[in-house]
Amino acid sequence: YKQYFNIDSPYEYQIKVWQQVNNLNFPLLLKSPTGSGKTEAVLAPFLSQFVDNDFYIAPRMIYVLPMRVLVNNVAERIKKYVKKISPYISVEIQHGDLPDAPFFISDIVVTTLDQFFYGFARSSKQVGHHFDMPAGAIASSIVIFDEAHIYRDSFTFSIMRALMEILYKSHVPFILMTATMPESLEKSLFENIPLSDNQKIIGDIKLNSTLKITIERDPLYSNNEVNISKSLLNKIKNHKTLIVVNQVKRAQKIYKELKIQLQLTDEQIVLLHSRFTRIDKETHEKKALSLIPHKEEGKIIIPKNVGIVVSTQVLEAGIDFSAELLLTELAPADSLVQRAGRCARYEGE
């Protein structure tokens, strides 16, 4: 942890994850607050295999996420850790915009649930006649399902549940991770998969950060109009701000309105939603990270000047940055918790 992750003392739950992985006690359910290091908790024991040259867990990891924007962000984080261990550990992305690992044979593949399912079901269109290869690679991997609470619509949920049950019956090790999974969803997913107390790990930690929450009477957007008061505009201009709304059209209008009202340049504000082209998405994601405080090599980087990110739900989970001010529309409770997890995210903020 100290040498490769710049973490002086791992949390108790991170040590417990290492112990259970070390004992090959799978599957695992990991529940821990946003920003508490779940990604590092599963990476550390896996990557220790490369340090020790002893591959007793699995020769490769497949890291499954619900959205492409999260795949790109998590892959970049993993690459930074991996570089410290060896230049020969391969980390590849597999999704519709970046199909770099259709066979799932890299050391670490970061992918979306649909791509993982196509590979497992031997129905990938990208592997020619070699449709057994991705399924075979999955059989010899440890599989991580991150941000699992997002799989709550009935169709995706049924696929997720079936995949988990098949992996369990096939003795393929897997870990399910979440910060905000409702108990009903958890019970249903694990209805046919027994979990011992040791296999259910809860990171009940305090990050010593505080959030001041206020409720505005006027919605951010209504009747095709943006409603942001002068006092809120002043706060936005003086804080690194994340604004999350529930529809692309609203995000676009708020972005345009803020740019005019606050006389902002393209270097001070960025818009993120799912309808951008792949190249634009990547550019906007990198820009969003550069505008909001974030971590590099374990250290918090606070950008200078004004920084505003206007987004839809694509930034609801997985992105490791910490806004000073969050404005959000009403949303389901677990979505609100995830959005709050992008604000005052790091210890002591």
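Residues numbered from 1 in each chain as written. Predicted model: local features only at pLDDT ≥ 70, side-chain atom pairs only at ≥ 80, totals over all residues. Heavy atoms only, no water.

Draft legend 1. Broad picture of the sheet that holds strand β5 (residues 141–145). The 7 strands lie next to each other as β3-β4-β2-β5-β6-β1-β7, forming an open sheet whose pairing is parallel. This sheet does not close on itself; its edge strands, each paired only once, are β3 (91–94) and β7 (200–202). Strand-to-strand, the axes of this sheet are offset by a mean angle of 20°, without reference to chain direction. Pairing between strand β1 (residues 28–31) and strand β6 (residues 174–178): 4 bridges, direction parallel. By the bridge assignment, K31 is partnered in β6 with T178. Contacting β5 and β6, helix α7 (residues 154–169) runs over the sheet at an angle of about 145° to β6. (Pairing = 2+ DSSP bridges. Helix = DSSP H or I, 4+ residues; strand = E, 2+ residues; numbered from the N terminus. Axes fitted to C-alpha atoms, helices over the stretch in contact; angles between N-to-C directions. Contact = heavy atoms within 4.5 Å.)

Draft legend 2. Region of the structure containing the sheet that holds strand β15 (residues 325–328). Overall, parallel pairing links the 4 strands, which are arranged β11-β14-β10-β15 in an open sheet. The outermost strands of the open sheet, each flanked by one partner alone, are β11 (269–272) and β15. In this sheet, neighbouring strand axes are inclined to one another by 15° on average, regardless of whether the strands run parallel or antiparallel. As paired elements, β11 and strand β14 (residues 308–311) share 4 bridges and run parallel to each other. Within β14, the residue paired with V270 across the bridge is V309. The sheet contacts of helix α9 (residues 230–238) involve β10 (241–244), β14 and β15, and relative to β15 the element is tilted by about 135°.

Draft legend 3. Structural context of helix α10 (residues 248–261). If you check α10, its first and last C-alpha atoms are 20 Å apart, about what 14 residues at 1.5 Å a residue would give, namely 20 Å. Every buried residue of α10 is accounted for by V248, R250, A251, I254, Y255 and L258. Relative to the axis of α10, the buried residues are bounded by an arc of 155° and lie together on one face. Turned more than 90 degrees away from the buried face of α10 sit K256 and I260, all of them exposed. At its buried positions, α10 is contacted by β8 (221–222), β9 (225–226), α9, β10, β11 and β14. (Expected span 1.5 Å × (residues − 1). Buried < 20%, exposed > 50% of the residue type's maximum accessible area, 1.4 Å probe, protein only. Arc of directions from axis to C-beta.)

Draft legend 4. Representation of the environment of P293 in the model. Of note, P293 is situated in the loop between α11 (278–291) and β12 (294–296). On the basis of relative accessible area, P293 is assigned to the buried category, the value being 2%. If near-sequence neighbours (up to four positions away) are discounted, P293 is found in contact with K240, I301, I302, P303, F321, S322 and Y346.

Draft legend 5. Broad picture of the nonpolar core. Core analysis: the biggest nonpolar cluster contains 56 residues, and Y63, I78, I108, V110, I142 and I175 have the highest contact counts within it. If one sorts the elements of this core by residue count, helix α4 (residues 68–85) sits on top with 8 residues. Within the second largest apolar cluster, 28 residues are counted, among which are L113, F116, F145 and L189. (Core = buried A, V, L, I, M, F, W, Y, C linked by side-chain atoms within 4.5 Å.)

Draft legend 6. Summary view of the packing of aromatic side chains. Following the criterion strictly, the structure yields 9 aromatic pairs and no others. Ring geometry for F5 against Y81: centres 4.5 Å apart, planes inclined by 45°, an arrangement best described as tilted. On the criterion of sequence distance, the pair formed by F5 in helix α1 (residues 2–5) and Y81 in helix α4 is long-range, its members being 76 residues apart. The class for Y81 is buried, based on a relative accessible area of 16%. Summarising the aromatic geometry, the rings of F50 and F55 are spaced 4.9 Å apart at their centres and angled 85° between planes, so their arrangement reads as edge-to-face. (Phe/Tyr/Trp six-rings, centres within 6.5 Å; stacked < 30°, edge-to-face > 60°.)

Draft legend 7. Expanded view of the pattern of salt bridges. Taken as a whole, this structure holds 11 salt bridges when the rule is applied. We note a salt bridge from R250 to E329, for which the minimum N-O separation is 2.7 Å. In this pair, R250 sits in helix α10 while E329 sits in the loop between β15 and α12 (333–340), placing the two residues 79 residues apart along the sequence. Assigned by exposure class, R250 and E329 land together as buried. In this structure, the salt-bridge partner of E282 is R278, at a minimum N-O distance of 3.3 Å. (Salt bridge = Lys/Arg side-chain N within 4 Å of Asp/Glu carboxyl O.)

Draft legend 8. Quick peek at unusual backbone geometry. Going from F26 to P27, the amide bond is cis rather than trans, its omega being -5°. Along the chain, P27 turns up in the loop between α2 (12–22) and β1. At N6, a residue that is not glycine, the phi angle is positive and equals roughly 60°. Secondary-structure assignment places N6 in the loop between α1 and α2. You will see that N223, though not glycine, has its phi angle at about 50°, which is positive. Mapped onto the fold, N223 is located in the loop between β8 and β9.

Nothing here speaks to function; it is geometry throughout.
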